[in-house]
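Next come the chains, spelled out residue by residue.
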Amino acid sequence: TMALVNEHFLKLSNNYLFADIAKKVNAFKVSKPDKKVISLGIGDVTRPLCPAVIEAMHKAVDEMSSSASFRGYGPERGYDFLREAIIKNDYAPRGIHLDPSEIFVNDGAKSDTGNIQEIVRWDNSIGVTDPIYPVYIDSNVMIGRAGVMDETGKWSNVTYFPCTAENNFIPQLPDHRVDMIYLCYPNNPTGTVLSKEELRKWVNYAIRNDAIIFYDAAYEAYIQDPDIPHSIYEIKGARKVAIEFRSYSKTAGFTGVRCGYTVIPKELTAITIDGSQRVELNHIWDRRQSTKFNGTSYISQRAAEAIYTPEGKQQIRETIDYYMRNARLMRSTLSKLGYKVYGGENAPYLWVKTPDNQPSWKFFEKMLYSLGVVCTPGVGFGPSGEGYFRLTAFGNHEDVAEAMDRITRL
Ligand code: PLP
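Quick caveat, the model's predicted, so the values are computed rather than measured. The residue numbers shown here count from 1 along each chain, following its written sequence. Reporting in this predicted model follows two pLDDT cut-offs: at least 70 for local features of residues, and 80 or more for side-chain atom pairs to be given and counted; totals over whole chains, interfaces and linings ignore these cut-offs and use all residues. Side-chain figures throughout are based on the complete set of non-hydrogen atoms in the structure, without hydrogens or water.

Trainee: Before we move on, could you go through the sheet that holds strand β7 (residues 242-247) and cite the residues and values that matter?
Mentor: Strand pairing is assigned whenever DSSP identifies at least 2 bridges connecting the two strands. Secondary structure elements follow DSSP: runs of H or I of four or more residues count as helices, runs of E of two or more count as strands, with numbering from the N terminus. Taken in spatial order, the seven strands make up an open sheet running β2-β8-β7-β6-β5-β3-β4, and their pairing is mixed. The outermost strands of the open sheet, each flanked by one partner alone, are β2 (103-106) and β4 (158-162). Neighbour-to-neighbour, the strand axes of this sheet turn through a mean angle of 20°, independent of strand direction. Pairing between β7 and strand β8 (residues 260-263): four bridges, direction antiparallel. Paired with Ser247 across the bridge in β8 is Gly260. Every residue pair with non-hydrogen atoms within 4.5 Å of one another is taken to be in contact. Simply put, an axis is a line fit to the C-alpha atoms, just over the touching stretch for a helix, and the angle between two N-to-C directions goes from 0 to 180 degrees. Lying over the sheet, helix α5 (residues 135-142) contacts β3 (126-130), β4, β5 (180-184) and β6 (212-216), oriented at roughly 150° with respect to β5.

Right under this line is the structure:
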């Protein structure tokens, strides 16, 4: 016969959100070549790497030039120097004690948040907050776990936890069993956070139901409020039920360098279908990674280590403050103009209600055609995103200020 394609891929929408946006923006640029378009839509950072990171990278490059200090294949879970720095700086100060064997250094959070679903059976059920970072669902679609999409944009085997202004963006626990739950806090796209009390409800749900939480903390460094948890392991019992993803992408501008890590505590287990055995997922993920993952370059890992030095800490803080200053300007301008603005206080994203309940795409076009400002239509992140738009704080000050002036003048 013939080789058969994995048809689950055909269920995925071809209309990739950012490609659609780019198409409309390019058409606008062609029709209005003299109008400067300002993008508040992109999720990429714009500030350069900090000096401590650059210095560490230069040094690592030099080490590669002599046979005495050259590095080839690295340890599969990452170099000890980085895993120890992670434990010492990201976890110990919060009273969380992890062993280096519980840390898996990677090339950023996208790979692991997408691949992690491989280590549990294809017929587990999944639950996601809505709106959502699309990787969680799409990676489950590819393996056939999500089912089929209905006309409202929802997948048949996915439980959605709507997060809207009506529930203050606090997801409610499902009234039925869900095996795998994806949570992302601070949240992309809404920029909202979860209190310890709310997060505890999810951890307790997972403990009661023998479920697993995939906790994406890629924006943890943007938290300003001292009461908001940075790690799910700040919640008692979470080590038994949660995997946590971190990334240097937005923390330190590593979107082009590529480095992050995943935490899988030894206590976290899943059960075999006959119920006879509890299996450590740390071991399963290690087995998976050592077959399929190439590791993160030595240079990138030295770069990541440098953000934990006193200078590095100070320098990445300055960049985060720079972005959060943008967020404050956008929040105050839009609020004054009467927009309902959410997020942007503990996250680099603002989530804004469209005026008069306009559909997201209609409002996107209005912003583009009348102001030359690009936002991201909320519905692109899921059905509950309809009627909202997302702005990011990753632009430079002058552009953000100019965009706010244009909106004010409108
Ligand atoms: N998780 C969330 C919620 C994100 O928004 C992103 C990137 O935008 C990622 C993970 C992936 O980031 P990276 O692979 O660069 O670490």
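Trainee: I'd love a proper account of the site of the ligand, names of residues and values included.
Mentor: Nearness is defined per residue: one heavy atom within 4 Å of the molecule or strand is enough. Near the ligand you find 14 residues, and of these Ala109, Asp216, Tyr219, Ser247 and Ser249 are the closest. Between the ligand and Tyr219 there is a distance of 2.6 Å, counted from an oxygen atom to a side-chain nitrogen or oxygen. Separating an oxygen atom of the ligand from a side-chain N or O atom of Arg258 is a distance of 2.8 Å. Looking at the shell around the ligand, the elements with two or more residues in it are α4 (109-115) and α7 (249-252). Residues are grouped as follows: nonpolar covers Ala, Val, Leu, Ile, Met, Phe, Trp, Tyr, Cys and Pro; charged covers Asp, Glu, Lys and Arg; every other residue, Gly included, is treated as polar. For the shell around the ligand, the class distribution of residues is six nonpolar, four polar and four charged. Pairs of N or O atoms within 3.5 Å make up the polar contacts considered here, provided that, within protein, one atom can donate a hydrogen while the other can accept it, and that residues adjacent in sequence are counted only when both atoms are side-chain atoms.

Trainee: Hey, could you go over the nonpolar core for me, with residue numbers and the actual values?
Mentor: Among the nonpolar cores identified, the biggest contains 98 residues, and Ile213, Tyr248, Phe254 and Leu391 are the most heavily contacted of them. Broken down by element, the residue count for this core peaks at eight residues, all from helix α10 (residues 310-336). Non-local contacts of Leu391, meaning those with residues more than four positions away in its chain, are made with Leu40, Met330, Leu334, Pro348, Tyr349, Leu350, Val352, Met367 and Cys375. The next biggest cluster of nonpolar side chains, apart from the first, holds 27 residues, and it includes Ile116, Ile132, Tyr136 and Cys184. Residues belong to a common nonpolar core when they are buried Ala, Val, Leu, Ile, Met, Phe, Trp, Tyr or Cys residues joined through side-chain atoms within 4.5 Å. Whether a residue is buried, partly exposed or exposed follows from its accessible area with a 1.4 Å probe, protein chains only, as a fraction of its type maximum: under 20%, in between, or over 50%, in that order.

In short, shape yes, function no, at least from these values alone.
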